[in-house]
Amino acid sequence: MAGRSLDDYARLAREGLDTAPAEFLASEEREWSGNREILGRTLLRPRRGDPSGPPGTAVKILGHSWSAPLAVGPLAGLVRPEGELAVVRAAGAAGLPAAVSAFTGRAFAELASAATGPLWLRTHPFRDRGAARWLLSRAADAGFGAVVLSVGPQHHIRLSPGAVPVNLAEDVPIRRPHGDGPLADLGGYGPYADPRALLDDDLDWSGVAWLRSVSPLPLLVAGVRTREDAARALDAGADGIVAEDLGALPGIAETVAGRGPVLLRGGIRRGRDVLAALAHGADAVFVERPVLDGLLVAAREGVADVLDALVGELRSALTHTGTASAADAGAELLDTGDEDGVRERTGRDVPAGPTGRDDDTADAGRDRATEDAGPTRATADAGRTSGTADAGRRAPADPAPAPPRPSGGDLRKSDLHISVSDPVLDTMTFLNEVTHRYPDAISFAPGRPYDGFFDTEEIITHVRTYLAHLAEQGGSPQSIRTAMYQYGPTAGQIREIIADSLRADENIDVPPESIVVTVGAQEAMLLTLRALITGPDDVLLVSSPCYVGITGAARLLDIELTAVEAREDGPAAADLDAAILREKARGRRPRAFYVVPDHSNPSGTTMSARARAELLDLAARHDILVLEDSPYRMVSPGARLPTLKSLDRDRRVVHLGSFSKTIFPGARVGFAVADQVVVDERGATGLLAGELAKIKSMVTVNTSSLSQAAVAGALITARGLVSERNAEAAAYYGEALRTTLRHLELNLPAERRTALGVSWNEPTGGFFLTVQVPFRVDNEALTRSAQEFGVIWTPMSYFYPHGGGDHTLRLSTSYLTPAEIEEGTARLARFIEARSATPGT
């Protein structure tokens, strides 16, 4: 349907409708007339921007990146029979989330299988809490990403013709009105003619708190019309707010003040409406009516056209206002006719820069498309800039101008692989920038080994030890020279030495040919993922929060992660089982589960012996592999639980190892133990390690012979017993961890922690621990901590693939002296005290 404008879809959607849909559309117009009036008189300030490219529309909401600040739906009935599937598919293809009604006629699992983007459940206060709990459970099992709870009077809930809310339990009580009361006048279809009879209009905030307590999904409260109700919703546990009164939106946004996203629902028709809502304080908007128009006219293709047109109009509006990205939109875009009005609303002067933004004060928690800043027109179509409420008389927005071609061999960033724009890379870059910007701050951020244990001359000794070993094994001077100066075998030349060490120290008894020596454990991850994940329906599951290395490797390989939320003591088999079943129900094939079972990065948790046994049993039952990554075992004090690989009797575990923490980081030597048998189409067999070596031959070719020699010499000297070699280091790291916990306790004693709402975990080893705080932990908070209090840490949100950790920070204790830990924890306590006293700042 290319070439149709939003006006065309709005007009065609009304042609040929029967009475009931026409009445509904008229009622919908009346409901949102207030928002439409405000949007109609809202003017946006024209400004010429930097003509280096088109403006960016991407935003980040609840830890997820959206292609534009648009959430699709939920549609209030009156759609085609295939409508919900069409909307979900079109939204996913556009990189946008779709909201699904609790009364949908499609099973949640069916909708999830059709979705390629986030799904949200829009639900309501049920009189029967059993029904509410049932719906939430089914949505979570299907993989939904959030819940939107509509509070207040439940207007305009209506089912599609013949639709039955199949996700409700069969024994949910149906309380219908008696006689000819007002509910009976609504009409409807099927056995749930009036679904409002199931609902409770008198929900109080304790009901919101109850729903928060029974669902693991992020919760947004919709129907909020005052800043007081916004505060109550957040206090009851809401993770975000959906405002329905544009006039109250600025006050609501001010009240929320970064504690969660604020979305606007109601009255959005055009791209400039979206930008106007952002300028009034919204982080994103719900788009319903234009989507319904597209669906009624041309099913999925119509929805796709409408979403494309909305994003195009938003891009034009950003260009018109000289705004580099949707994430930068603020109150300064509102044209009140005088600059004093902008100062009054924003508390700051009108920006003097060409793009109308202040990068030093902007919310660092929002994504920034720094490469997107498009050319603008001096004037815009009068119908658009005047904000005329009658969309039918408004000319379609001009398409966004094409970005200029780079000169010579220069490239657009959009021409590069999407992984280079991954938020994980941006966040780590930001952390490094903060560290360099505040060199006097004490940093609990780097998780690297303390290098005071390393003697420079020892490297030479290790290499000589290995050369002597080769000679003792019968190597000639020529063969030894070749071993050191040539590439050597792709799979590695010290596999026998590593196998002996694993047998002596870890009770991992595998043949040397099942080992591939890699350039650090990171390459081992990359090779393993490339071999195992063969297409878009293959699933990699990860324990969340998780090490960013696995997230980055998956992103490089276009692998979508499925996160399994870890509990206080690590991942639970029951949670992994549920996640696997959800993926199978969607027609996907779970292939592997990545986990750090010992003193994990980032949380410091350690899996119990029982949890390890349950995980291996589950892997066998579901026919998946476990990717075990445990770099902190040999640098932690005390007894060690068995590795998953040492317990593996069915070749279910690929063990990823590294000598960076135990020998020295600069060696960059890791390995993968992959003894799984691989059978080809002719029946010939080999090992998975051999397949990994084939891939490695096309990546790094081999691991440095010199690095392998240094590591091998150290292992030979220690008789393979890395644990004994690192006993001193393990004691040091253990004492550093205990010192950190002790000084946290001294600076924030139990009574004070309880008053503030602060807590932390107490790992028994490793480099990391986490601190839970009552305020939002983001880049802005990190910058303030470094600048004003002289202490640096890592936001835990960096480690959640699909969002989370917004109130938790990670401390790494490995690289600091006792004096630095004492002073650093005191500074951290002062920061937490100050931030907890003013959580909205």
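Note: the structure precedes this text.
Attention here is on the structure that accompanies the text. (Residues numbered from 1 in each chain as written. Predicted model: local features only at pLDDT ≥ 70, side-chain atom pairs only at ≥ 80, totals over all residues. Heavy atoms only, no water.)

### Some details on the overall build of the protein chain
Note the cut-off: By definition, any uninterrupted DSSP run of H or I lasting at least four residues is a helix, any uninterrupted run of E lasting at least two residues is a strand, and each is numbered from the N terminus. Relative accessibility decides the category of a residue: with a 1.4 Å probe and only protein chains considered, values under 20% of the type maximum give buried, values over 50% give exposed, and everything between is partly exposed. Residue contacts follow a heavy-atom distance rule, with two residues in contact if any of their heavy atoms lie within 4.5 Å. The Shrake-Rupley method, run with a 1.4 Å probe sphere, supplies the accessible areas, and residue values consider only the shown protein chains as cover.
The number of helices and strands found in the protein chain is 29 helices and 25 strands. Expressed as a percentage of its 841 residues, the buried residues of the protein chain come to 53%. The long-range fraction of contacts in the protein chain, counting pairs at least 24 apart against all pairs at least 6 apart in sequence, stands at 73%. Carbon together with sulfur atoms contributes 51% to the accessible area of the protein chain, which is approximately 35000 Å² in total.

### Quick notes on the packing of aromatic side chains
Heads up, the condition is: When the centres of two rings from Phe, Tyr and Trp lie within 6.5 Å, Trp using its six-membered ring, the rings pair. Their planes under 30 degrees apart give stacked, over 60 give edge-to-face, and anything left gives tilted. Over a ring means this: the NZ of a Lys or the CZ of an Arg is within 6 Å of the ring centre and within 35 degrees of the ring normal.
On inspection of all chains with the given rule, the structure shows 17 aromatic pairs. Residues Y450 and Y732 carry aromatic rings whose centres are separated by 4.9 Å and whose planes lie at 15 degrees to one another, so their mutual orientation is stacked. Remark: Y732 occurs in helix α26 (residues 727–747) and Y450 occurs in the loop between β11 (442–443) and α15 (456–472); sequence separation between them is 282 residues. The class for Y732 is partly exposed, based on a relative accessible area of 21%. Judged by centre distance (5.2 Å) and plane angle (65 degrees), the rings of Y632 and F767 are edge-to-face. In this pair, Y632 is assigned in the loop between β16 (625–629) and α22 (644–647) and F767 in the loop between β21 (759–760) and β22 (768–772), connecting sequence segments 135 residues apart. Judged by relative accessible area, which is 4%, Y632 ranks as buried. An aromatic cluster of three or more residues is present, and its members are Y450, F453, Y632, Y732, Y733, F767 and F768. Above the face of the Y9 ring, R4 is positioned so that its terminal group lies 5.8 Å from the ring centre. The ring of Y815 carries R448 above its face, with NZ or CZ at 4.1 Å from the centroid.

### Examining the pairing of strand β10 (residues 284–287)
Heads up, the rule is: For two strands to pair, DSSP has to find at least two bridges joining them.
Of the two faces of β10, the one holding A284 and F286 and the one holding V285 and V287 are both buried throughout. In the sheet, strand β3 (residues 70–72) pairs with β10 via three bridges, with the strands oriented parallel. Considered in β10, the bridge of L70 is made with V285. By the bridge criterion, three bridges tie strand β9 (residues 262–265) to β10 in an arrangement that is parallel.

### Digging into the sheet that holds β22
The strand order β21-β22-β25-β24 describes an open sheet built from four strands, whose pairing is antiparallel. Single-partner strands in this sheet number two, and they are β21 and β24 (794–795). Relative to strand β25 (residues 808–812), β22 runs antiparallel, the two sharing five bridges. Within β25, the residue paired with T770 across the bridge is R810.

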